[in-house]
Amino acid sequence: MLFRSCAKAAPDGYTLCSTTADSLTFSAFLYKNIPFDVENDFTGVTNLVTTSGLLFTAASSPLTSLKDVIAREKANPGSINIATWGPGTAPDLYARFLNRELGLKLVQIPYKGAAPALTAVMGGEVQISYFGIGAVLPQIRAGKLRPLVATSQQRSRFLPEVPSMADYGIDPGFTSYFGLYAPAKTPAPVIERLNAVIVKALRTPSAEKFFSAQTLEIVGNSPAEFTRFMRSDREAAGRLIRSLGIKPTDAPE
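Summary of the structure given here. (Residues numbered from 1 in each chain as written. Predicted model: local features only at pLDDT ≥ 70, side-chain atom pairs only at ≥ 80, totals over all residues. Heavy atoms only, no water.)

### Notes on the nonpolar core
Part 1 of the reasoning: Core analysis: the largest hydrophobic core is formed by 31 residues, its most contacted members being Val69, Leu98, Leu106 and Met165.
Part 2 of the reasoning: Mapped onto this core, the elements with two or more residues apiece are helix H2 (21-30), helix H3 (66-75), helix H4 (90-102), strand S7 (128-132), strand S8 (145-150) and helix H9 (223-243).
Part 3 of the reasoning: With 7 residues, the single largest contributor to this core is H4.
Part 4 of the reasoning: Contact partners of valine 69, with chain neighbours within four places excluded, come to Leu63, Ile80, Leu104, Leu106 and Leu148.
Part 5 of the reasoning: With 19 residues, the next largest nonpolar core counts Phe131, Ile133, Leu137 and Leu159 among its residues. (Core = buried A, V, L, I, M, F, W, Y, C linked by side-chain atoms within 4.5 Å. Buried < 20%, exposed > 50% of the residue type's maximum accessible area, 1.4 Å probe, protein only. Helix = DSSP H or I, 4+ residues; strand = E, 2+ residues; numbered from the N terminus. Contact = heavy atoms within 4.5 Å.)

### Thoughts on the state of the cysteines
Part 1 of the reasoning: Considering all chains together, one arrives at 1 disulfide under this definition.
Part 2 of the reasoning: In this model, cysteine 6 is linked to cysteine 17 through a disulfide, with the two sulfur atoms separated by 2.3 Å. Residues cysteine 6 and cysteine 17 are joined by a disulfide whose S-S torsion is about -70°; by sign, that bridge is left-handed. Of the two residues, cysteine 6 sits in helix H1 (residues 2-8) while cysteine 17 sits in strand S1 (residues 17-20), which places them 11 residues apart along the sequence.
Part 3 of the reasoning: You can call cysteine 17 buried: its relative accessible area is 3%. (Disulfide = S-S within 2.5 Å.)

### A word on the pairing of S8
Part 1 of the reasoning: Across the 6 residues that make up S8, a large majority, 5, are buried.
Part 2 of the reasoning: For strand S4 (residues 53-58) and S8, the ladder comprises 5 bridges, and the chain directions are antiparallel. Among the inter-strand pairings, leucine 55 is bridged to a residue of S8, identified as valine 149. (Pairing = 2+ DSSP bridges.)

### Section: the sheet that holds strand S3 (residues 42-51)
Part 1 of the reasoning: One open sheet accounts for 4 strands, arranged S1-S9-S3-S10; its pairing is antiparallel. The open sheet terminates on both sides in strands that have one partner only, identified here as S1 and strand S10 (217-218).
Part 2 of the reasoning: Alignment of S3 against strand S9 (residues 176-183), held across 8 bridges, turns out to be antiparallel. Note that in S9 the partner of threonine 51 across the bridge is serine 176.

### Thoughts on the pattern of salt bridges
Part 1 of the reasoning: Applying the stated criterion to the full structure yields 4 salt bridges.
Part 2 of the reasoning: As a salt-bridge pair, aspartate 167 and arginine 155 come within 2.9 Å of each other at their nearest N and O atoms. Taken together, the residues span a long stretch of sequence, with aspartate 167 in the loop between S8 and S9 and arginine 155 in the loop between S8 and S9 at a distance of 12 residues.
Part 3 of the reasoning: Overall, the relative accessible area of 41% leaves arginine 155 in the partly exposed class. (Salt bridge = Lys/Arg side-chain N within 4 Å of Asp/Glu carboxyl O.)

### Notes on the environment of proline 91
Part 1 of the reasoning: With respect to the element layout, proline 91 can be found in helix H4.
Part 2 of the reasoning: Between the C-alpha atoms of proline 91 and leucine 54, which are 37 residues apart in sequence, the distance is 9.8 Å.
Part 3 of the reasoning: Dropping the residues within four chain positions of it, proline 91 is found in contact with Ile82, Ala83, Thr84, Trp85 and Tyr130.

### Notes on the packing of aromatic side chains
Part 1 of the reasoning: As enumerated under the stated definition, the model contains 10 aromatic pairs in all.
Part 2 of the reasoning: With a centroid separation of 6.4 Å and an interplanar angle of 20°, the aromatic rings of phenylalanine 226 and phenylalanine 229 are classed as stacked. Separated by 3 residues within a single helix, phenylalanine 226 and phenylalanine 229 lie in helix H9, roughly one turn from each other.
Part 3 of the reasoning: Classification of phenylalanine 226 as buried rests on a relative accessible area of 0%. (Phe/Tyr/Trp six-rings, centres within 6.5 Å; stacked < 30°, edge-to-face > 60°.)

### Re the layout of surface pockets
One simple way to see leftover space: roll a probe sized like a water molecule over the atoms.
Part 1 of the reasoning: Of the pockets and cavities examined, the largest pocket occupies roughly 350 Å³.
Part 2 of the reasoning: If you go around the largest pocket, you meet 20 residues; those closest to its centre are Thr20, Thr51, Tyr130, Gly132 and Ser176.
Part 3 of the reasoning: Only H2, H4, S7 and S9 provide two or more residues apiece to the lining of the largest pocket.
Part 4 of the reasoning: When grouped by side-chain class, the residues that make up the lining of the largest pocket number 10 nonpolar, 9 polar and 1 charged. (1 Å grid on protein atoms, 1.4 Å probe; cavity = no way out; pocket = protein on both sides within 12 Å on 5 of 7 lines; lining within 4 Å. Points joined across faces, edges and corners; volume = space filled by probe spheres on them. Nonpolar A, V, L, I, M, F, W, Y, C, P; charged D, E, K, R; others polar.)

Structure representation (C-alpha cells):
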C-alpha cells in the first residue's frame, strides 16, 4: 500500500507521497485497521492543487440542473439513479448528503470503478453521477455530458455558468485536493527546503499552464498552512461521515 510504504520510509526527504483527499481525509472514518496513522505518520509539505467536482448527466437527459433533480425526486421519489463505485466513494457521500439535506431518495447503483460508472451515465443506464471536473470536461465540451452542479464552495472558473452547491444553500464542507507529504519525522529544515523548491516550481508559467489544462487550481501553501488545512478538512469530513451514519468497515486489501 502506497501510504504504508511512505509512512515507514526513512525520514530523510527522499521519499514523498501525493494523494487526493480520499486517502488521508476520509480513510480514518471509513475503514478500521488501516496500516498507517492518518494524523501522526505524515508531515505535510504543501497542498499542491485543488479541484472541483461535478454532478452531471447525459446530454440527452431532460435534467438540466440540480433544481430539476430536486423537482423530479419530489414528484416521484426514487426515480433518479446515481452511479457510484461503492460505499465511501465520493459519489456515495454526495448521494447520501443530498438525500439528507434535500429530502431526496436518490438510488445508488454501484459499478466496478469510475470508468463503467461514466459509461453508464453516457449510455442512459443511470441518470447522474459525480466526477472531478477534469475527468468529464472533455465530454461536456463535446456535447456528450451536461453539468448539473459544482460540488465545491464556489463555482469553477472552468465552468463559471454552472451553479455550485453553495448557490443552493448547501455545502458538504470538504475540499478535493492533491497534497504532498513526507514521513512524520522528516526534519523541519528538510520540509521547509522541499516546500520552497516545490512551490517555486508550481509558480512557473509552464506549471501553471499544465495544471490549468488539467482543470486544477494551484495552491502551493506553507507546511504550517497545509497542516491547518488538513486538520480542518479532516474534521469536516469526520463530521459529515458520522452524520450520514457511515460506520468504519474493514480496510480493503
